[in-house]
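Single-letter residue listing:
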Amino acid sequence: MKIVGAQAAWQATAPPRQAGAARQTGVACPAKAAAAAAFLVLLSAAFLVACVPAASIVPEPGVAARPLPEIQAAMRELAAEYPDHARVVTLGYGGSAAKPGGDPSLPVLALEIESPAAKARVASGAIPLRVQLVGVFHGDEQIGAEVALDVAATILGSAGTGSATEGLLDSAALTIVPVANPFGYEANTRVTESGTDLNRCFPWPFGWESGIAPERTYLGVPEALALAKDGEDKRYAMSVLLHSGSYCIAIPWDYIGTTEGGSSTYSLDEYRSRYAPAHSLFAANSAAYGSRVESEAGSGSFPAIEGYDWYYVGGSYADWLYGALGCPGYTVELDPLKSWTSRREDVGTAVIRRHRQALLELLATAGQGAQGRVSSAAGIGIPSRVEARPLAAGDRGLPAPLPYVAFGLTDTSGAFRITLPQGSWRLVATAIGTLGLDSATTTVGPASGAVDIVVDADGSSAIVSLLLP
Ligand SMILES: [Zn+2]
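Bear in mind the structure is a predicted one, so any value in this text is a computation, not a measurement.

Draft legend 1. Main features of the overall build of the chain. Counting secondary structure elements, the chain contains 16 helices and 15 strands. A burial count over the chain gives 52% of its 469 residues as buried. Within the chain, residue pairs in contact and separated by at least 24 positions form 75% of the contacts whose partners lie at least 6 positions apart.

Draft legend 2. Structural context of helix H13 (residues 279-297). Along its 19 residues, H13 runs 27 Å from first to last C-alpha, staying within 8% of the 27 Å computed at 1.5 Å per residue. Among the residues of H13, those classed as buried are His279, Leu281, Phe282, Ala283, Asn285, Ser286, Ala287, Tyr289, Gly290, Arg292 and Val293.

Draft legend 3. Layout of the environment of Leu91. Take Leu91: it is sitting in strand S1 (residues 86-93). Its 22 C-beta neighbours within 10 Å are what place Leu91 among the buried residues. Spatially, the C-alpha atom of Leu91 lies 8.1 Å from that of Lys229, the residues being 138 residues apart in sequence.

Draft legend 4. Up close: unusual backbone geometry. The omega torsion across Pro252 and Trp253 is 5°, close enough to zero to call that bond cis. The topology assignment puts Trp253 in the loop between strand S6 (248-251) and helix H12 (268-275). Phi at Val136 is positive, roughly 55°, even though this residue is not glycine. One non-glycine residue with positive phi stands out, namely Arg235, at about 55°.

Draft legend 5. A look at the pairing of strand S3 (residues 130-135). Within S3, 6 of the 6 residues are buried, which leaves the element mostly enclosed by the surrounding structure. Burial of the side chains of S3 extends over both faces: Arg130, Gln132 and Val134 are buried on one face and Val131, Leu133 and Gly135 on the other. One ladder, built from 5 bridges, connects S3 with strand S4 (residues 173-177); its direction is parallel. When the sheet's bridge partners are listed, Leu133 is paired in S4 with Ile176. Looking at chain direction, S3 and strand S5 (residues 238-243) are connected through 5 bridges and run parallel. Considered in S5, the bridge of Val131 is made with Met238.

Draft legend 6. Broad picture of the sheet that holds S3. Read across the sheet, 8 strands follow the order S1-S2-S4-S3-S5-S8-S6-S7 without closing on themselves; strand pairing throughout is mixed. Pairing within the sheet leaves two strands with one partner each, and these edge strands are S1 and strand S7 (304-306). Sheet twist, expressed as the mean angle between neighbouring strand axes with direction ignored, is 20°. Sitting on the sheet, helix H6 (residues 68-81) is in contact with S1 and strand S2 (107-113), with an inclination near 145° to S1. Contacts between helix H11 (residues 222-234) and the sheet are confined to S1, S2, S3 and S4, with S1 contributing the most and set at about 130° to the helix.

Draft legend 7. Expanded view of the nonpolar core. Counting 121 residues, the largest nonpolar core has Ala152, Ile176, Val240 and Leu427 as the members making the most contacts within it. The leading source of residues in this core is helix H8 (residues 143-156), at 9 residues. When residues of this core are assigned to domains, at least three map to each of domain 2 (68-363) and domain 3 (369-468).

Draft legend 8. Structural context of the environment of His85. Structurally, the position occupied by His85 is in the loop between H6 and S1. Residues His85 and Asp170, 85 residues apart in the sequence, show an inter-C-alpha distance of 9.9 Å. Not counting residues within four places of it along the chain, the set of residues in contact with His85 comprises Ile113, Glu114, Ser115, Leu156 and Ala159.

Draft legend 9. The arrangement of the confidence of the model for the chain in detail. Summing up the model confidence of the chain, the mean pLDDT is 78 and the portion of residues at 70 or higher is 72%. A low-confidence stretch, residues 394-400 (pLDDT under 50), is modelled with 10 contacts involving residues beyond four sequence positions or located in other chains. Confidence drops under pLDDT 50 across residues 436-447; counting only partners more than four residues distant or on other chains, this segment forms 30 contacts.

Draft legend 10. The packing of H6 against H8, seen in detail. Their axes nearest at 11 Å, the elements H6 and H8 cross at an angle of 10°. One finds that H6 runs roughly parallel with respect to H8. Of the residues in H8, those in contact with Ile71, Ala74 and Leu78 of H6 are Ala145, Leu149, Ala152, Ala153 and Leu156.

Draft legend 11. Just helix H9 (residues 164-171), in detail. Taken residue by residue, H9 has Thr165, Leu168 and Leu169 as its buried positions. Down the axis of H9, the buried side of the element spans an arc of 100°, and every buried residue falls inside it.

Draft legend 12. Spotlight on the environment of Arg274. With respect to the secondary-structure elements, Arg274 resides in helix H12. With 20 C-beta atoms packed within 10 Å, Arg274 lands in the buried category. With 130 residues separating them along the chain, Arg274 and Tyr404 place their C-alpha atoms 6.3 Å apart.

Scoring rules and cut-offs
Throughout this description, residue numbers start from 1 for each chain and increase along the sequence as written. In keeping with the predicted nature of the model, local features appear solely for residues at pLDDT of at least 70, side-chain atom pairs appear and are counted solely at 80 or more, and the whole-chain, interface and lining totals rest on all residues. Strands are runs of DSSP state E lasting at least 2 residues, helices are runs of H or I lasting at least 4, and numbering of each runs from the N terminus. Buried means a residue has 20 or more other C-beta atoms within 10 Å of its own C-beta, exposed means 12 or fewer, and partly exposed covers the counts in between; C-beta atoms are placed from the backbone. Here contacts are defined at the residue level, using C-beta atoms placed from the backbone and a cut-off of 7 Å between them. How far a helix is expected to stretch is found by multiplying one less than its residue total by 1.5 Å. DSSP-based pairing: two strands are paired if at least 2 bridges between them are found. Axis geometry follows a simple rule: fit a line to the C-alpha atoms, using only the stretch in contact for helices, then measure angles between N-to-C directions, giving values from 0 to 180 degrees. Residues of type Ala, Val, Leu, Ile, Met, Phe, Trp, Tyr and Cys that are buried and joined through C-beta atoms within 7 Å form what is called a nonpolar core. For the domains described, the bounds stem from an automatic or database domain assignment. Confidence of the predictor at the level of single residues is given by pLDDT, which spans 0 to 100. The scheme is simple: roughly parallel for angles under 35 degrees, roughly antiparallel for over 145, roughly perpendicular for 65 to 115, oblique for anything else. Regarding the arc, it is the one traced by the directions from the helix axis to the C-beta atoms.

Dropping the structure here:
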């Protein structure tokens, strides 16, 4: 399935998400005919529930999602069941700006999974492969917590099965955050306690666009700061972000170098080539996800789309991950419903079952591209930024605005990963804190190293070492 075709199909059947919920259903909504488009953007969760497709499972009114303590207890039970593989850590706390450190009663908990085999691989010199799965950015999208817990339990339960899932368990370290917005989960509100949309508050743009000032930041949003610190510490190779309220998977970018409502200088095709060097991989992986969900569901279309082509979002976590850390993030909209129960088994399990295999297969694609280590001649890891430029195109100079460059940031051991599609690439490493690379025409600076690599057709990684003086 090509992403272009998927987009066309999506657009033919449904306009952007907020207005699309009703149209998608084929069910007449009383409010729809009279509502102006501007009003539709503001539609509430109640409206979404009222207009779900006849084929969807409608939650029992008044039955709430599991209380947050039950989600947290389930995480601790998994860690207790697999003490050699998993542990629960506190990334930070939810809360409001009045409690800048967060509210201790609202921990943002992560289940960190790393098997003894995965630890041994890293100990013997393999480049770490870390992936992240996060649910419930929006507190009224509670099903993400159950889906994340299910994936965690499935992966942990794969030990000794010889399955592909065990292969994932034995090659990657996973950080699973069922509830990123604990206040919103409990209150059944989209926003955090400070009234912040946790998927609109991350810093952007990232500097390669000209003339656009950064908008909105996560300062004062403790949930966002907790996620940001974790991302900066772990250097994830991939992140999967679980939402609900629609039914699709979206890939970078959620914005394309404009302010909200602004017009772009570039077409989407230009942005794909200039601003998403791994677009072809994102498209293929997301299309595979959609196909898997469709086959598990047995009906319906689960389109793979580009975030911006869906509707404009500034300050999303996915864009921040890719723009600031070089980590591709996939946004999965699990189900058209928000604010719905996971307590009733027939409601929760249908969505969980539909996404389980698709998520496992998507997570298993993490690490496509280049991996390596930046070190001194003495073998000491050097914290660096490693950029990849296509060799075939040569150095493109400095067009305005400067294109996005695929990159990875090393961890403290100098290890890095960059998601790249097939092709010949030049990797240039620049030690953090130096000015080795300040323009596209400077390939090797005073504290830089460069090496040419070829990424194979299957997207398997090329392993490179970059030496800095
Ligand atoms: Zn959401």
